[in-house]
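Topology and contacts: notes
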Amino acid sequence: MAPYAPLRKSSDIGRVRRVGTRRRVGGITVFAAPGEPGTPRVAVVAGRAVGNAVRRNRAKRRLREALRLVPLREGREFVVIASAAVVRAPFEALVAWARTATMEQE
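Residues numbered from 1 in each chain as written. Predicted model: local features only at pLDDT ≥ 70, side-chain atom pairs only at ≥ 80, totals over all residues. Heavy atoms only, no water.

**Description of the overall build of the protein chain**
Heads up, the condition is: The helix count covers DSSP runs of H or I at least four residues long, the strand count covers runs of E at least two residues long, and both are numbered beginning at the N terminus. All radius of gyration figures rest on C-alpha atoms, and the globule criterion is 2.2 Å times the number of residues raised to 0.38. Each residue's exposure class comes from its accessible area (1.4 Å probe, protein chains only) as a fraction of the maximum for that residue type: buried when under 20%, exposed when over 50%, partly exposed otherwise. In short, Shrake-Rupley with a 1.4 Å probe defines the accessible areas, and a residue's cover is counted only from the protein chains shown. Note that His is not counted, nor are the chain ends; the positive residues are Lys and Arg, and the negative ones are Asp and Glu. Where a charge lies is defined by one atom per residue type: Lys uses NZ, Arg uses CZ, Asp uses CG and Glu uses CD.
The number of helices and strands found in the protein chain is four helices and five strands. Radius of gyration (C-alpha) of the protein chain: 13 Å, near the 13 Å computed for a compact globule of 106 residues. Viewed in the frame of its principal axes, the protein chain has a C-alpha envelope of about 35 × 25 × 25 Å. Among the 106 residues that make up the protein chain, the fraction classed as buried is 44%. A total of about 5,900 Å² of accessible surface is found on the protein chain, and carbon and sulfur atoms cover 50% of it. Taking the average location of the 22 positive side-chain charges in the protein chain and that of its 8 negative ones, the two points are 10 Å from each other.

What follows is the structure, given as structure tokens:
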């Protein structure tokens, strides 16, 4: 079970992208914004530049698992955007990218 809740509404994702701070580390871009108190909420996005549907889904699965291993601050909302590098990168690199990108946005 993931230690975060999903951020699903496009209006919420748009708000985090508009008002949040942006940090690019490795092959991911993370937007972070204050959210509701409690469990952090996360949206993982992979655009067509990542590849076909199979590659996009693989990138999102890998990022969700990497984020599960990273402690996220409560009361925050994150939008994580994958690049094509996420599909090929070693899993340890994904975890390091996620840790660095989310910790520096406290």
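Next comes the rest of the description.
**A word on the pairing of strand S2 (residues 21–25)**
Which entries qualify depends on this criterion: A pair of strands is treated as paired once DSSP finds two or more bridges between them.
Bridge analysis of S2 against strand S3 (residues 28–34) gives five bridges, and the strand direction is antiparallel. Within S3, the residue paired with Thr 21 across the bridge is Ala 32.

**So, the pattern of salt bridges**
Pairing is possible between side chains of opposite charge, provided their charged atoms come close. Threshold: A pairing counts as a salt bridge when a side-chain nitrogen of Lys or Arg comes within 4 Å of a carboxyl oxygen of Asp or Glu.
This model, assessed by the stated rule, comprises four salt bridges. For Arg 41, the salt bridge is made with Asp 12, and the minimal N-O distance between the two is 3.1 Å. Of this pair, Arg 41 sits in strand S4 (residues 41–46) while Asp 12 sits in helix H1 (residues 10–19); the two residues are 29 residues apart in sequence, bridging distant segments of the chain. Exposure remark for Asp 12: the relative accessible area of 17% places this residue in the buried category. Arg 68 is the salt-bridge partner of Glu 65, the closest N and O atoms lying 2.7 Å from each other. Of this pair, Glu 65 and Arg 68 both sit in helix H2 (residues 53–68), three residues apart, which is roughly one turn of the helix. We classify Arg 68 as partly exposed; its relative accessible area is 35%. Sharing partners across several salt bridges, the network here consists of Asp 12, Arg 15, Arg 41 and Glu 77.

**Let's talk about the packing of H2 against helix H4 (residues 91–103)**
Stated precisely, the cut-off is as follows: A fitted line through C-alpha atoms represents every axis, and for helices the fit uses only the stretch in contact; the resulting angles, taken between N-to-C directions, go from 0 to 180 degrees. Any angle from 65 to 115 degrees is called roughly perpendicular, while one under 35 is roughly parallel, one over 145 is roughly antiparallel, and all others are oblique. Handedness of a crossing is defined here by the sense of rotation of the near helix relative to the far one, left-handed for an anticlockwise turn of less than a right angle and right-handed for a clockwise turn. Contacts are residue-level and defined by heavy atoms, with any inter-residue pair within 4.5 Å sufficient. For this classification, Asp, Glu, Lys and Arg are treated as charged, while Ala, Val, Leu, Ile, Met, Phe, Trp, Tyr, Cys and Pro are nonpolar and the rest, including Gly, are polar.
In the contact formed by H2 and H4, the axes pass within 9 Å of each other and the chain directions differ by 60°. Viewed along their axes, H2 and H4 adopt a mutual orientation that is oblique. Relative to H4, the crossing made by H2 is right-handed. Residues Arg 62, Leu 63, Glu 65, Ala 66 and Leu 67 of H2 form the contact with H4, whose own contacting residues are Phe 91, Leu 94, Val 95, Ala 98 and Thr 102. Broken down by class, the residue content of the contact of H2 with H4 amounts to seven nonpolar, one polar and two charged.

**Some points on the sheet that holds S3**
By definition, the strands of a sheet pair up through backbone hydrogen bonds, in either a parallel or an antiparallel sense. Pairing is mixed across the open sheet formed by five strands, whose spatial order is S1-S4-S5-S3-S2. Since the sheet does not close on itself, it has two edges, and those belong to strand S1 (5–6) and S2, each with one partner. Sheet analysis places S3 next to strand S5 (residues 76–82), joined by seven bridges and oriented antiparallel. Its bridge partner being in S5, Phe 31 is matched across the sheet by Val 79. Set on the sheet, H2 makes contact with S3, S4 and S5; between it and S4 the angle comes to about 150°.

Interpretation note: all reported values are geometric properties and have no functional meaning in isolation.
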